[in-house]
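Descriptive analysis of the structure
These are the residues of each chain, in order.
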Amino acid sequence: MNNMPTVWITGASQGIGEALSLEYASQGYHVYASARSTGSLHALAQHATQLKGEITPLPLDITDSSAVNIALHSIDTPIDIAILNAGTHRPQSAVGFQCEDLRQLMELNLLGTGNCLEHLIPIMLQQTKGQIAIVASLAGYRGLPDASGYGATKAALINLAESLKLDLENQGIDIRIINPGFVKTPLTDKNTFPMPDLMNADSAAKSIRKGLQGKQFEVRFPWRFATVMGFLRWLPASLYFPWVRIMTGKGK
Ligand SMILES: NC(=O)c1ccc[n+]([C@@H]2O[C@H](COP(=O)([O-])OP(=O)(O)OC[C@H]3O[C@@H](n4cnc5c(N)ncnc54)[C@H](OP(=O)(O)O)[C@@H]3O)[C@@H](O)[C@H]2O)c1
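Keep in mind that what you see is a predicted model, and the values were worked out from it rather than measured.

The environment of the ligand is formed by 29 residues, the closest being R36, S37, Y150, V183 and T185. Here an oxygen atom of the ligand sits 2.8 Å away from a polar atom, N or O, in the main chain of I16. In isolation the ligand exposes 890 Å². Once the protein is present, 93% of that is buried. For the shell around the ligand, the secondary-structure elements that each account for two or more residues are α1 (15–26) and α5 (148–168). Here the residues of the shell around the ligand are counted per class, giving 15 nonpolar, 11 polar and 3 charged.

Here you go:
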């Protein structure tokens with residue numbers, strides 16, 4: 001038991017979640033870091049020993065609801081912030097579309113986050129305070145080529161977060177959505193196409209922490225790419241599709 005504020009971060013073994021864990025630990029938070037790779041989480045905790053805060057590994061698979069429940073109840077309350085970041089991307093061409101690919105992405109990105117929410121919301125309600133941030137993506141705004149499964153999971157998370165905000169804002173729970181553009185991580189290292197405004201994970205983690213300190217429901221970055229995607233979000237379909245074809249070189 002210590003007096004540090006507490007943050008629970010999922011998907012903390014690498015990429016954005018790892019950078020976020022170090023960012024919050026450097027700011028004096030007690031970070032509970034979750035992912036499946038126990039060894040990576042212990043290495044991360046070791047890495048944080050010189051920092052103001054600390055990192056406690058909390059290994060779990062977010063697709064396992066009872067494991068999430070057990071792990072969450074081992075965290076010292078109050079949980080001040082929860083960042084539900086674990087997720088993955090797999091390119092999915094519409095030619096040879098496999099529902100199984102969609103199912104696996106939904107299972108992790110949407111339903112895994114749902115497992116976390118199921119056990120987290122009662123804790124937050126009991127505390128009568130806390131912040132829950134869900135990591136979606138700018139790719140959740142509208143349909144993009146080769147991303148039918150991924151985009152659908154992220155669009156669902158954006159809608160889910162908006163709904164939760166309306167339901168929970170009067171109960172002291174602050175719901176946020178985080179929509180990153182391209183961030184350099186083991187996930188995007190697999191991409192073979194040009195990634196506009198690619199940023200590093202440390203900068204992304206700083207943008208997220210600062211954004212969550214602010215008042216905006218949506219935290220999105222990097223600003224230039226996010227502004228372009230935000231503009232495209234509101235275009236009529238007759239203009240949106242030609243724009244995307246030009247930008248990505250995909251389609252007619
Ligand atoms: N990188 C980008 O450009 C970008 C852009 C927009 C949105 N995002 C979103 O940001 C989040 C993090 O992305 P990233 O690029 O950092 O990805 P990443 O490098 O692949 O890291 C994903 C993290 O999720 C964890 N994870 C995967 N399956 C899990 C499971 N079943 N249970 C618990 N943890 C699990 C992984 O750890 P284990 O394998 O050890 O479990 C890992 O720590 C994702 O939701 C992604 O969709 C990323």
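After that view, the rundown keeps rolling.
For the structure shown, the criterion picks out 8 salt bridges. Among the salt bridges present, the one from K250 reaches D146, with a minimum N-O distance of 2.9 Å. Pair noted here: K250 is in the segment after α8 (237–248) and D146 is in the loop between β5 (130–135) and α5, with a separation of 104 residues, a long-range link. With a closest N to O distance of 2.9 Å, D174 and R176 form a salt bridge. Assessed through its relative accessible area of 27%, D174 is described here as partly exposed. When salt bridges with common partners are traced through the structure, they connect E23, K206 and R209 into a single cluster.

This brings us to the packing of aromatic side chains. Per the stated rule, a full pass over the model turns up 5 aromatic pairs. Where F182 meets F225, the ring centres are 5.5 Å apart and the plane angle is 35°; that geometry is what we call tilted. With F182 in the loop between β6 (173–180) and β7 (183–184) and F225 in helix α7 (residues 223–233), this residue pair connects regions lying 43 residues apart in the sequence. Accessibility assignment for this pair places F182 and F225 in one class, buried. Where F231 meets W243, the ring centres are 6.0 Å apart and the plane angle is 65°; that geometry is what we call edge-to-face. With F231 in helix α7 and W243 in helix α8, the pair connects residues that are 12 residues apart, well separated along the chain. Classification of W243 as partly exposed rests on a relative accessible area of 37%. One aromatic cluster in this structure is built from F182, F193 and F225.

Right, let's get into α1. One turn of the α-helix equals 3.6 residues, which is why residues spaced by three or four share an orientation. Taking 1.5 Å of rise per residue, the 12 residues of α1 would be expected to cover 16 Å, and the 17 Å separating its terminal C-alpha atoms lies within 8% of that figure. Counting buried positions along α1 yields 9 of 12 residues, so the element is predominantly enclosed. Within the sequence span of α1, burial applies to G15, I16, G17, A19, L20, S21, E23, Y24 and A25. Looking one or two residues beyond α1, the residue adopting positive phi is G28, at roughly 90°.

In this structure, W8, L120 and I132 are the most contacted members of the largest nonpolar core, which totals 43 residues. At 7 residues, the largest contribution of residues to this core is made by helix α4 (residues 99–127). Core analysis: the second largest hydrophobic core is formed by 31 residues, Y24, V31, A45 and I178 among them.

For the rest of this paragraph, the subject is unusual backbone geometry. Looking along the chain, the bond that leaves T77 and enters P78 is cis, with omega of 0°. Mapped onto the elements of the fold, P78 is located in the loop between α3 (65–72) and β4 (81–84). The omega torsion across F221 and P222 is -10°, close enough to zero to call that bond cis. Residue position: P222 is located in the loop between β9 (218–221) and α7. Although it is not a glycine, T128 sits at a positive phi angle of roughly 60°.

On the surface, V228, F231, W243 and M247 cluster together into a nonpolar patch covering about 360 Å² of accessible area. Only α7 and α8 provide two or more residues apiece to the nonpolar patch. Topologically, V228 is positioned in helix α7.

How each quantity is defined
- Residues numbered from 1 in each chain as written.
- Predicted model: local features only at pLDDT ≥ 70, side-chain atom pairs only at ≥ 80, totals over all residues.
- Heavy atoms only, no water.
- Near = heavy atom within 4 Å.
- Polar contact = N/O pair within 3.5 Å; in protein donor to acceptor, adjacent residues only side chain to side chain.
- Areas by Shrake-Rupley, 256 points an atom, 1.4 Å probe, with all protein chains shown as cover.
- Helix = DSSP H or I, 4+ residues; strand = E, 2+ residues; numbered from the N terminus.
- Nonpolar A, V, L, I, M, F, W, Y, C, P; charged D, E, K, R; others polar.
- Salt bridge = Lys/Arg side-chain N within 4 Å of Asp/Glu carboxyl O.
- Buried < 20%, exposed > 50% of the residue type's maximum accessible area, 1.4 Å probe, protein only.
- Phe/Tyr/Trp six-rings, centres within 6.5 Å; stacked < 30°, edge-to-face > 60°.
- Expected span 1.5 Å × (residues − 1).
- Core = buried A, V, L, I, M, F, W, Y, C linked by side-chain atoms within 4.5 Å.
- Patch = residues over 30% accessible without salt bridge, like charges linked within 9 Å, V, L, I, M, F, W, Y side chains within 5 Å.

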